[in-house]
Amino acid sequence: MFPYPVSAQSPQKRIYIANDDHTDFLWTAGENVYKQAFLEMIDYYINLANTTSGNPSQYQSRFNLDGSYWVDVYEKNRTTAQFDQLIEKIQSGHITMPLNGLSIVYGGQPTETVLRGMYYPGLLERRYGLDINLAMAMENMTMPYGLGTLWSGAGGKYSWQGVCNCSTVVTGAENRPQEIYWWNGIDGSRILMKWNSLLGGN
């Protein structure tokens, strides 16, 4: 998600919601097939960002990577010049990289694993002056209460979530009273959450 600039007097906030590919790493193919898809997709969206750069801001291409692992794969398999172009697109907000490595199940991880999973994004933040403030755990039926606090402590400000209807036993998972709300931590931290209600079947 990209905060859309508005004046200080504006009574309305505008949020630009970027296109996202839900990868499900290793769900339908092997590691090499997914890595190739990462490379091709990033190349495509860098090119699309360049192609639309002369358009008004709201009509420029935006794309959200499913995890920081995509960027790691890109750094290891493309030239320095190509990687620099990706970093430039992340800096400009045309491509977003989240704090999480992949779309994974957080209920099965110890705290240290969650923190180690954000090491690479933190490294890039320090190296390139990036501000990575999005984290996500899509499809998780429930999430550990302290996860939002860990994300917030690592610089996370925004998240989005939606429950897959494929296996949940959580009743009422298909809707929330509010689609956008603060995920508050016990320590007073908070992350702005966008809930995606399930409309219809899976």
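Quick notes on the rules
Residues numbered from 1 in each chain as written. Predicted model: local features only at pLDDT ≥ 70, side-chain atom pairs only at ≥ 80, totals over all residues. Heavy atoms only, no water. Buried < 20%, exposed > 50% of the residue type's maximum accessible area, 1.4 Å probe, protein only. Helix = DSSP H or I, 4+ residues; strand = E, 2+ residues; numbered from the N terminus. Pairing = 2+ DSSP bridges. Right-handed = clockwise from strand over helix to strand, strands pointing away. Phe/Tyr/Trp six-rings, centres within 6.5 Å; stacked < 30°, edge-to-face > 60°. Lys NZ or Arg CZ within 6 Å of the ring centre and 35° of its normal.

Engineer: What exactly am I supposed to notice about the pairing of strand β7 (residues 158-161) here?
Structural biologist: Looking along a regular strand, one sees side chains alternate from face to face of the sheet. In β7, alternate side chains face the same way, and those of Tyr158 and Trp160 on one face and Ser159 and Gln161 on the other are all buried. The sheet contact formed by strand β6 (residues 134-136) and β7 spans 3 bridges and is parallel. If you follow Leu134 over to β7, its bridge partner there is Tyr158. Remark: the β6/helix α6 (residues 147-153)/β7 crossover connection has right-handed handedness. By the bridge criterion, 4 bridges tie β7 to strand β9 (residues 190-195) in an arrangement that is parallel.

Engineer: Can you walk me through the packing of aromatic side chains in this structure?
Structural biologist: Each pair of aromatic rings is reported with the distance of its centres and the angle of its planes. Throughout the structure, instances matching the rule amount to 11 aromatic pairs. Put simply, the rings of Phe25, Tyr34, Phe38, Tyr44, Tyr45, Phe63, Tyr69 and Trp70 pair up and form one aromatic cluster. One Lys or Arg, Arg190, reaches over the ring of Trp182 and ends 3.5 Å from the middle of that ring.

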